[in-house]
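Geometric and topological summary
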Amino acid sequence: MQKVTVNMVSDVVCPWCIVGYQRLQEAIKTLDNIEVDIKFHPFELNPNMPEQGQNLREHIMEKYGISEQQSADNRARLVEAGEVLGFAFNFTDDSRMQNTFKAHQLIHLAAKKGLEEEMKLSLFKAYFTDGKDVNDQKVLVEIADAIGLDGGEVKEVLQNGKYAQAVREEEAIWMQRGIQSVPTFVIGNQGIAGAQEPATLAAFITQAATQQ
């Protein structure tokens with residue numbers, strides 16, 4: 001059994017990141033004699049997003065210079081992609097883009113406890129399916145508690161910014177490597193941008209396994 005590490009650079013408010021993750025899972029199902037270890041790395045789509053966030057539709061229209069109709073069409077494509085992969089996007093007119101720096105610090109803590117993947121998936125679901133504010137400390141403590149982390153420790157880590165510098169440094173490393181958009185998968189010595197189809201991801205993983 002060969003082992004391949006897939007480094008996934010992503011943000012928890014990036015819809016194509018959860019689509020990309022689900023497609024990676026589909027890819028893994030097709031592999032023979034290759035074990036895949038997924039490691040998550042932080043990227044903030046909006047590092048300057050204010051604490052209160054911004055209306056999602058307004059934010060997308062401003063950031064990408066698109067119309068309200070184009071924004072609606074994009075959401076419809078995401079909902080459809082999610083349905084195919086078993087993930088529910090529940091967008092509303094009140095959906096908000098959030099600052100994710102605290103969420104990334106929480107993922108960093110979870111990784112130290114062997115719960116990185118569970119935390120990442122819980123944050124995706126909380127934000128996209130349940131419409132929760134993933135910048136709210138109370139919400140983050142509840143999510144962490146649900147997967148088995150100590151709520152008191154989580155609260156302390158978020159309040160004192162214990163892992164803030166570590167997250168900033170890791171973000172800088174991946175940006176220095178040329179990553180400017182997410183999701184980006186780094187498989188072997190290849191960087192693959194975007195929520196690629198399962199067959200494409202499987203091919204890169206297989207190639208990386210043969211080159212070891």
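Now for a description of the structure that goes with this document. (Residues numbered from 1 in each chain as written. Predicted model: local features only at pLDDT ≥ 70, side-chain atom pairs only at ≥ 80, totals over all residues. Heavy atoms only, no water.)

Some remarks on the pairing of strand β2 (residues 34-42)
Rules: Any two strands between which DSSP finds at least two bridges are classified as paired. For the purposes of this entry, the term helix denotes a DSSP run of H or I that reaches at least four residues, the term strand denotes a run of E that reaches at least two, and both are numbered from the N terminus.
With nine bridges connecting them, strand β1 (residues 2-10) and β2 associate as parallel partners. Paired with Val 9 across the two strands is His 41, which belongs to β2.

A word on the packing of aromatic side chains
The following threshold applies: Pairing of aromatic rings covers Phe, Tyr and the six-membered ring of Trp, with a centre-to-centre limit of 6.5 Å; geometry is then stacked below 30 degrees between planes, edge-to-face above 60, and tilted otherwise. Each residue's exposure class comes from its accessible area (1.4 Å probe, protein chains only) as a fraction of the maximum for that residue type: buried when under 20%, exposed when over 50%, partly exposed otherwise. Geometrically, a lysine NZ or arginine CZ counts as sitting over a ring once it is within 6 Å of the ring centre and also within 35 degrees of the ring normal.
This structure, assessed with the given rule, holds seven aromatic pairs. Taken together, a centroid distance of 5.1 Å and an interplanar angle of 70° make the contact between Phe 87 and Phe 89 edge-to-face. Across this residue pair, the class does not change: Phe 87 and Phe 89 are buried. Arranged with centres 5.6 Å apart and planes meeting at 5°, the rings of Phe 89 and Phe 91 form a pair that is stacked. Look at Phe 91 and you get partly exposed, because its relative accessible area is 22%. What links up through ring pairs into an aromatic cluster is the set Phe 87, Phe 89, Phe 91, Tyr 127 and Phe 128. Cation over ring: Arg 177 sits above Trp 174, and NZ or CZ is 4.5 Å from the ring centre.

Concerning the pattern of salt bridges
The condition is simple: Every case where a carboxyl oxygen of Asp or Glu lies within 4 Å of a side-chain nitrogen of Lys or Arg is listed as a salt bridge.
Evaluated as defined, the whole model comprises 10 salt bridges. A salt bridge links Glu 26 to Lys 29; the nearest nitrogen and oxygen atoms lie 3.0 Å apart. Placement of both Glu 26 and Lys 29 in helix α1 (residues 15-29) is noted, with a separation of three residues, approximately one turn of the helix. The exposure class assigned to Lys 29 is exposed, which follows from its relative accessible area of 63%. Its salt-bridge partner being Lys 39, residue Asp 37 comes within 3.2 Å of it at the nearest N-O pair. For Asp 37, a relative accessible area of 22% gives the class partly exposed. By relative accessible area, which is 36% here, Lys 39 ends up partly exposed. Residues joined in a network through salt bridges with shared partners are Glu 44, Arg 168 and Glu 171.

Points about the side chain of His 41
Applicable threshold: Under the rule applied, a polar contact is a pair of N or O atoms within 3.5 Å (in protein, one hydrogen donor and one hydrogen acceptor; residues adjacent in sequence only if both atoms are side-chain atoms). The contact rule is simple, with two residues in contact once any of their heavy atoms fall within 4.5 Å.
For His 41, the position within the fold is in strand β2. His 41 gets classed as buried once you look at its relative accessible area, which sits at 11%. A distance of 2.4 Å separates a polar atom in the side chain of His 41 from a polar atom in the side chain of Glu 170. Beyond its immediate chain neighbours, meaning those up to four positions away, His 41 contacts Asn 7, Met 8, Val 9, Ser 10, Glu 170 and Trp 174.

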